[in-house]
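# Examining the three-dimensional arrangement
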Amino acid sequence: MEAQPLLRVQGLTMKFGGLLANHDVSFDIHPGEIVGLIGPNGAGKTTLFSCVSGFLRPTSGSVIFNGEDITGLKPYEICQRGIVRTFQITQPLYEMTVLENVMAGTYCRFRRPKDARSEALSVLKLTGLWDKRDRMGSELTIPDRKRLEIARALGTQPKLLMLDETMAGLTPTEIQQAVDLIRNIRAQGITLLIIEHVMEAIMPVADRIVVLDAGRLIAEGAPKDIAHDPKVIEAYLGEKRYVRRKKHQSQL
Ligand SMILES: Nc1ncnc2c1ncn2[C@@H]1O[C@H](COP(=O)(O)OP(=O)(O)OP(=O)(O)O)[C@@H](O)[C@H]1O
Ligand SMILES: [Mg+2]
């Protein structure tokens, strides 16, 4: 018998007025997996994250986590159960230090400031932000903001960490560092669902890829099979220009 999935998305549909941002999407994620979620601009990837993490209530369908139906729960309730997501547009708390930013995450698990601080410090070591712990959020470079976004999410001690384009706009060296960080996070026993446009980054690190196009799941499988799937290639035609524009935007 197959082990129970950590996450089961079942027939998930999200409508914005007449627009079907997610249309009857179903897939499972198993404990310990790294799953890549890809698809062209506007495919519905971020919307799916918002539905799973409680920022949006799906129009229909369900989200099952560890066997429990969590559909429609509030983000903090879902976070307490062990799912956390990062945001495509980084949102550091500018007037707080890097350490305090991460403590905003660790307070989800620890009431005592001393404990929240000590957990935050260990997350800062893992994410390579230790040396910058006393800098203000507003002082960080783009790659460090992305690290901080991941660090704050890790501070909530998730079972499932969902990353929304944390590698967009990074240099090849920074991408390699991000991939190393993802592998380290998995080595801590955390399952990952990763939205990524940078194919060179996601394909080698993912065990499985799920592809959305115009709200629908159009393919699912091993990275090597997905890369040659005609449906996926067709969905991505004309995407190159878009990815370049987006890289530029993410520097802003
Ligand atoms: N809050 C909202 N209200 C109305 N429409 C929305 C809302 N959020 C997203 N949409 C629309 O839903 C569709 C899916 O958007 P979404 O942001 O999920 O795509 P995405 O796959 O994350 O795209 P990208 O790669 O550009 O980040 C788009 O057409 C978008 O304009
Ligand atoms: Mg998005």
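Residues numbered from 1 in each chain as written. Chains lettered and ligands numbered in written order. Predicted model: local features only at pLDDT ≥ 70, side-chain atom pairs only at ≥ 80, totals over all residues.

Let's shift gears to the site of ligand 1. The immediate surroundings of ligand 1 are formed by Phe16, Leu19, Ala21, Gly39, Asn41, Gly42, Ala43, Gly44, Lys45, Thr46, Thr47 and Gln88. Mapped by element, the contributors of at least two residues to the shell around ligand 1 are strand S2 (19-29) and helix H1 (45-53). Ranked by the residues each element gives to the shell around ligand 1, the list is headed by H1, at three residues. Here the residues of the shell around ligand 1 are counted per class, giving four nonpolar, seven polar and one charged. (Near = placed C-beta within 6 Å. Helix = DSSP H or I, 4+ residues; strand = E, 2+ residues; numbered from the N terminus. Nonpolar A, V, L, I, M, F, W, Y, C, P; charged D, E, K, R; others polar.)

Summary statistics for the protein give a mean pLDDT of 91 and a share of 93% for residues scoring 70 or more. Low pLDDT, under 50, characterises residues 241-245; the stretch is placed with two contacts to residues that sit more than four places away or in other chains. Segment residues 248-252 is flagged for pLDDT under 50; beyond a separation of four residues in sequence, or across chains, it makes four contacts in the model. (pLDDT = per-residue confidence, 0-100. Contact = placed C-beta atoms within 7 Å.)

Take the sheet that holds strand S10 (residues 216-221) next. Taking strand neighbours across the sheet as the criterion, the six strands line up as S6-S7-S8-S3-S9-S10 in an open arrangement whose pairing is mixed. Among the strands making up the open sheet, the edge pair consists of strand S6 (83-85) and S10. In this sheet, adjacent strand axes meet at a mean angle of 15° when their direction is disregarded. Looking at chain direction, strand S9 (residues 208-213) and S10 are connected through five bridges and run antiparallel. Its bridge partner lying in S10, Ile209 is registered against Gly221. In the packing of H1 onto the sheet, the strands contacted are strand S3 (34-38), S6, strand S7 (160-164), strand S8 (191-195) and S9, and the crossing angle to S7 comes to about 150°. (Pairing = 2+ DSSP bridges. Axes fitted to C-alpha atoms, helices over the stretch in contact; angles between N-to-C directions.)

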